[in-house]
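Structure assessment
If you want the building blocks of each chain, they are given just below.
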Amino acid sequence: MKAFNIFILYRLPIGILLLIGGIALGATVGWWEATIPLLLAVICLVTHFMFGPMRLVQEAVEAGDVEKAMGLMNKVKFPKLLYKPIRSVYYFMQSNLAMYNQDLDKAEAAVRQSIKSGSPMKEYEGMQYFQLGTIAYQKNDLKTADQNLKKAVRMGLPDKENMAAALLTLASIAMSRRDFKSAKDLFRRAKAQKPTTAQIVSQIKEMDKYISRMPG
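First, a word on what this report is: a plain description of the structure on this page. Keep in mind that what you see is a predicted model, and the values were worked out from it rather than measured.

Criteria and thresholds
- Residues numbered from 1 in each chain as written.
- Predicted model: local features only at pLDDT ≥ 70, side-chain atom pairs only at ≥ 80, totals over all residues.
- Heavy atoms only, no water.
- Patch = residues over 30% accessible without salt bridge, like charges linked within 9 Å, V, L, I, M, F, W, Y side chains within 5 Å.
- Areas by Shrake-Rupley, 256 points an atom, 1.4 Å probe, with all protein chains shown as cover.
- Salt bridge = Lys/Arg side-chain N within 4 Å of Asp/Glu carboxyl O.
- Helix = DSSP H or I, 4+ residues; strand = E, 2+ residues; numbered from the N terminus.
- Core = buried A, V, L, I, M, F, W, Y, C linked by side-chain atoms within 4.5 Å.
- Buried < 20%, exposed > 50% of the residue type's maximum accessible area, 1.4 Å probe, protein only.
- Contact = heavy atoms within 4.5 Å.
- 1 Å grid on protein atoms, 1.4 Å probe; cavity = no way out; pocket = protein on both sides within 12 Å on 5 of 7 lines; lining within 4 Å.
- Points joined across faces, edges and corners; volume = space filled by probe spheres on them.
- Nonpolar A, V, L, I, M, F, W, Y, C, P; charged D, E, K, R; others polar.

Concerning a nonpolar patch on the surface
- Together, Val42, Val46, Met50, Phe51 and Tyr83 make up a nonpolar patch on the protein surface, roughly 420 Å² of accessible area in all.
- Along the chain, the position of Val42 falls in helix α2 (residues 35-51).

Laid out in structure tokens, this is it:
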């Protein structure tokens, strides 16, 4: 697995070296003998531009190494050449990293590019709209946040933690509008997800103090 990661990281220079070597071999010995290095060069170059280092980016994010993830993302010079589903993931990851740096405008632009590129799976599409809703909520654009989070919930989210987070944010928006009936229903649905993430559990405990005193 480690060797494969090294290949992903260095396949562009490997492809260039194979291409130069193949051309040199073809010109001096024969093009039939150059077939294999030229074929390997094409594989390296095509996979580099079509898939990029997204596997390594994902691993870096999962390991909590944001700096490494950002460095790898910066290696993608031509994102429009990425295979469409990979391009969608690229822009979504770019949005996540921008949110980490609190650059909400960049995060929003990137997730919109992700949506434009299409989604590799339906649940992932839900996450795109969850991201848009979260960004809008942080910008205090409650109308847009409400629309996108409801769309995300309808589409489905990949796990109970994200679903609970979306429902809690929708409950908070309903509370701000004094729509107490909807707020209670959304809060009940969020609790029913039984999330375990410390931050979400803390939010549920905090909101429970207000929900229990609401009329309706």
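Remarks on the nonpolar core
- Core analysis: the biggest nonpolar cluster contains 39 residues, and Phe130, Leu157, Leu168 and Phe187 have the highest contact counts within it.
- Elements that contribute at least two residues to this core include exactly α5 (84-100), α6 (104-116), α7 (122-138), α8 (142-155), α9 (160-176), α10 (180-192) and α11 (198-211).
- At 10 residues, α9 tops the list of elements feeding residues into this core.
- In contact with Phe187, not counting residues within four places along its chain, are Leu168, Ala171, Ile204, Met207, Asp208 and Ile211.
- With 15 residues, the next largest nonpolar core counts Val57, Ala60, Ala69 and Leu82 among its residues.

Notes on the layout of surface pockets
- Of the volumes computed, that of the largest pocket is approximately 770 Å³.
- Taken together, 25 residues make up the lining of the largest pocket; nearest its centre are Phe130, Thr134, Asn162, Ala165 and Gln199.
- Within the residue set of the lining of the largest pocket, elements represented by two or more residues are α3 (54-62), α5, α7, α9 and α11.
- Here the lining of the largest pocket gets 7 residues from one element, more than from any other, and that element is α7.
- Split into classes, the residues belonging to the lining of the largest pocket amount to 13 nonpolar, 11 polar and 1 charged.
- If you add up the space inside the second largest pocket, you get close to 270 Å³.
- Along the walls of the second largest pocket sit 14 residues, with Leu12, His48, Pro53, Lys75 and Val76 positioned nearest its centre.
- For the lining of the second largest pocket, the secondary structure elements donating two or more residues are α1 (2-28) and α2.

Observations concerning the pattern of salt bridges
- The full count for this structure, using the stated rule, is 9 salt bridges.
- A salt bridge links Asp208 to Lys191, with the nearest nitrogen and oxygen atoms 3.9 Å apart. With Asp208 in helix α11 and Lys191 in helix α10, the pair connects residues that are 17 residues apart, well separated along the chain.
- In this structure Lys191 comes out as partly exposed when scored by relative accessible area, which is 39%.
- Residue Lys209 is joined to Glu206 by a salt bridge in which the shortest nitrogen-to-oxygen separation is 3.4 Å. Here the residue Lys209 and the residue Glu206 both occupy positions in helix α11, the gap between them amounting to 3 residues, near one helical turn.
- Ionic contacts of the salt-bridge type, sharing partners, join the residues Asp105, Glu108, Arg112 and Lys139 into one network.

Fair warning: the whole summary comes from geometry, so function is off the table for now.
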